[in-house]
Amino acid sequence: TEYVATRVDARKKETTILFYSADWKKQKQWSVPSTSPLDIAVENILGDDTKEIILYSPSNSKNIQLFSVYDQAGNMVLEKKLDKQHEGVSLTTIKNTSSDTEDILVAYTVDNNIIISRYNALGEKIGDNVAVTSISSVGALAAGDIDGDGVAEYVLTTAAGDDPWMVYYEPTGVLKRKF
């Protein structure tokens, strides 16, 4: 078992990715430039035998990068950017039913519009964007087959400090429930 963590150094404007063994001995580390704190997800995106490191900015960072994917040596293998600045990203992975990989699911706000998008290992968008009109902020994002139809729905909560809501949508953009 290996554990991965991030550490932000605001003075150096970088985020360090740290790898630890099961007994918490540091194994290796590498850094990437960052102007804001980055969150991390670790999952098999490329379909090889190792998990990749996915970095994204959850804060009100005002940048165009949605996420970047690195191999465990610190080499960037995929980067996804928008044409406009976003106001922070929530990210999870979702099983790609046609392969042994995970797709990347992101929720973000651009121009006061909340959008959920799904990307494969090549950075290609899968399906249409889902326009979220039922809540006003982006909190936690998850995916799972809630209604038992065999298709994973997209689950999104509001951000901390906002009215507490959870919604879930079909990948087609149909709002299934808000509670």
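Caption draft 1: Just the pattern of salt bridges, in detail. The full count for this structure, using the stated rule, is five salt bridges. A salt bridge links Lys84 to Asp111, with the shortest nitrogen-to-oxygen separation between them at 2.3 Å. Within this pair, whereas Lys84 is found in strand β7 (residues 76–86), its partner Asp111 is found in the loop between β9 (102–110) and β10 (113–119), the two being separated by 27 residues in sequence. Lys84 gets classed as partly exposed once you look at its relative accessible area, which sits at 47%. The partner of Lys176 in a salt bridge is Asp147, and the shortest N-O contact between them spans 3.7 Å. Separated by 29 residues along the polypeptide, Lys176 in strand β15 (residues 175–178) and Asp147 in the loop between β12 (141–144) and β13 (153–157) bring together distant segments of the chain. On the accessibility criterion, Lys176 (40% relative accessible area) is partly exposed. Accessibility expressed as a relative area gives 31% for Asp147, which makes it partly exposed. Within the structure, one salt-bridge network assembled from shared partners comprises Asp147, Glu170 and Lys176.

Caption draft 2: A look at the nonpolar core. By size, the foremost hydrophobic cluster in this structure holds 17 residues, and its most contacted members are Ile54, Leu66, Phe67, Leu91, Ile104, Val106 and Tyr108. Those elements that place two or more of their residues in this core are β5 (52–56), β6 (63–70), β7, β8 (89–95), β9 and β10. Element by element, the count of residues in this core is highest for β9, at four residues. Excluding its chain neighbours within four sequence positions, the residues that come into contact with Leu66 are Tyr56, Lys80, Lys81, Leu82, His86, Val89, Val106, Tyr108 and Tyr119. Ile114, Ile116, Val130 and Leu141 belong to the second largest nonpolar core, which has 14 residues in total.

Caption draft 3: How the structure looks around the side chain of Ser90. Locating Ser90 in the fold gives a position in strand β8. From its side chain, Ser90 meets the backbone oxygen of Gly139 in a polar contact 2.8 Å long.

Caption draft 4: Inspection of the packing of aromatic side chains at higher detail. If you walk through the whole model with that rule in mind, you get five aromatic pairs. Each ring, one from Phe19 and one from Trp30, has its centre 6.2 Å from the other, and the planes form 45 degrees; the classification is tilted. Of this pair, Phe19 sits in strand β2 (residues 14–21) while Trp30 sits in strand β3 (residues 26–33), placing them 11 residues apart in sequence. Each of the two residues, Phe19 as well as Trp30, counts as buried. A connected cluster of aromatic rings, assembled from ring pairs, spans Tyr3, Tyr20 and Trp24. The positively charged end of Lys28 is found above the aromatic ring belonging to Phe19, 4.6 Å away from the centroid. Between Lys178 and the ring centre of Trp165, over which it is positioned, the NZ or CZ distance is 4.3 Å.

How each quantity is defined
- Residues numbered from 1 in each chain as written.
- Predicted model: local features only at pLDDT ≥ 70, side-chain atom pairs only at ≥ 80, totals over all residues.
- Heavy atoms only, no water.
- Salt bridge = Lys/Arg side-chain N within 4 Å of Asp/Glu carboxyl O.
- Helix = DSSP H or I, 4+ residues; strand = E, 2+ residues; numbered from the N terminus.
- Buried < 20%, exposed > 50% of the residue type's maximum accessible area, 1.4 Å probe, protein only.
- Core = buried A, V, L, I, M, F, W, Y, C linked by side-chain atoms within 4.5 Å.
- Contact = heavy atoms within 4.5 Å.
- Polar contact = N/O pair within 3.5 Å; in protein donor to acceptor, adjacent residues only side chain to side chain.
- Phe/Tyr/Trp six-rings, centres within 6.5 Å; stacked < 30°, edge-to-face > 60°.
- Lys NZ or Arg CZ within 6 Å of the ring centre and 35° of its normal.

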